[in-house]
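Structural overview for review
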Amino acid sequence: MTDQERRTGRNETAEERADRMWTDLIQEVRVAQTGVQILFGFLLTVVFQQKYATLSHADKTIYVVTVILGASATGALIGPVSLHRLVAGRKVKPEAVRLASRLTTIGLFLLLTTMTASLVLILRVATNGSAVTWVVAGVVVWYLACWYGLPLWARHRHTTR
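Everything in this summary refers to the structure shown in the same document. The shown structure was predicted, so the numbers you read here are calculated from the model rather than taken from an experiment.

Some points on the packing of aromatic side chains
The final tally for this structure, using the stated rule, is two aromatic pairs. Between Y52 and Y63, the ring centres sit 5.3 Å apart and the planes meet at 70 degrees, which makes this aromatic pair edge-to-face. Highlighted residues: Y52 in the loop between α2 (14-46) and α3 (57-87) and Y63 in helix α3, separated in sequence by eleven residues. We note that Y52, like Y63, is buried.

Observations concerning unusual backbone geometry
The phi dihedral of K91 falls on the positive side, at around 60 degrees, and the residue is not glycine. Along the polypeptide, K91 turns up in the loop between α3 and α4 (93-127). For K91, a relative accessible area of 81% gives the class exposed.

Section: the pattern of salt bridges
The tally for this structure, following the rule as stated, stands at five salt bridges. In this structure, the salt-bridge partner of D59 is R124, at a minimum N-O distance of 2.4 Å. Of this pair, D59 sits in helix α3 while R124 sits in helix α4; the two residues are 65 residues apart in sequence, bridging distant segments of the chain. For D59, a relative accessible area of 9% gives the class buried. Across the pair R98 and E95 runs a salt bridge, and its minimum N-O distance is 3.8 Å. Here E95 and R98 lie together in helix α4, a separation of three residues that amounts to about one turn. Here E95 falls in the partly exposed class, since its relative accessible area comes to 40%. Here the salt bridges share partners, and the residues they tie into one network are E12, R20 and D24.

Thoughts on the packing of α4 against helix α5 (residues 132-158)
Contact pair α4 / α5: the axes reach a minimum separation of 10 Å and the direction vectors enclose 160 degrees. Between α4 and α5, the angle falls in the class roughly antiparallel. Of the two possible hands of crossing, α4 and α5 adopt the one that is right-handed. In contact with T105, L108, F109, L111, L112, M115, T116, L119, V120, L123, R124 and T127 of α4, α5 contributes V132, V135, V136, V139, V140, Y143, L144, W147 and Y148. Taken together, the residues of the contact of α4 with α5 sort by class into 17 nonpolar, three polar and one charged.

Conventions and cut-offs
Residues numbered from 1 in each chain as written. Predicted model: local features only at pLDDT ≥ 70, side-chain atom pairs only at ≥ 80, totals over all residues. Heavy atoms only, no water. Phe/Tyr/Trp six-rings, centres within 6.5 Å; stacked < 30°, edge-to-face > 60°. Helix = DSSP H or I, 4+ residues; strand = E, 2+ residues; numbered from the N terminus. Buried < 20%, exposed > 50% of the residue type's maximum accessible area, 1.4 Å probe, protein only. Salt bridge = Lys/Arg side-chain N within 4 Å of Asp/Glu carboxyl O. Axes fitted to C-alpha atoms, helices over the stretch in contact; angles between N-to-C directions. Parallel < 35°, antiparallel > 145°, perpendicular 65-115°, else oblique. Left-handed = near helix turned anticlockwise from the far one by under 90°. Contact = heavy atoms within 4.5 Å. Nonpolar A, V, L, I, M, F, W, Y, C, P; charged D, E, K, R; others polar.

Structure (structure tokens):
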């Protein structure tokens, strides 16, 4: 198969497409990675605050789960960087892009759960539990609409068949 036969609708080879997709993915990861690292850093400081000792057992459990989710999200969102570093120059970029994309999707889901759990904890402490469920549910619906609903709608509406 010649280079011309392998070209796609963007007039690029599979290798060029993988390069472009890798660049796009890394830009996306940079945004999410920064957010999750800042959130995780703040979460790590909570346990050292005086108020932590006064939290209920349930709130401490929510905190521990939130920290674990934040650590997991951080790992998944940093994963593509390590993947790229370890496979660079091995002529596996299309496969690396697919794996990094999966890690990023997992990382975004874990970030969603981390933010949800953080919101639950903060609102439980700040409001003594009143209306927390409804507020958190509303915010989660907003996250889902922004992060999944709108992109999936756009993909469905604008994808050529």
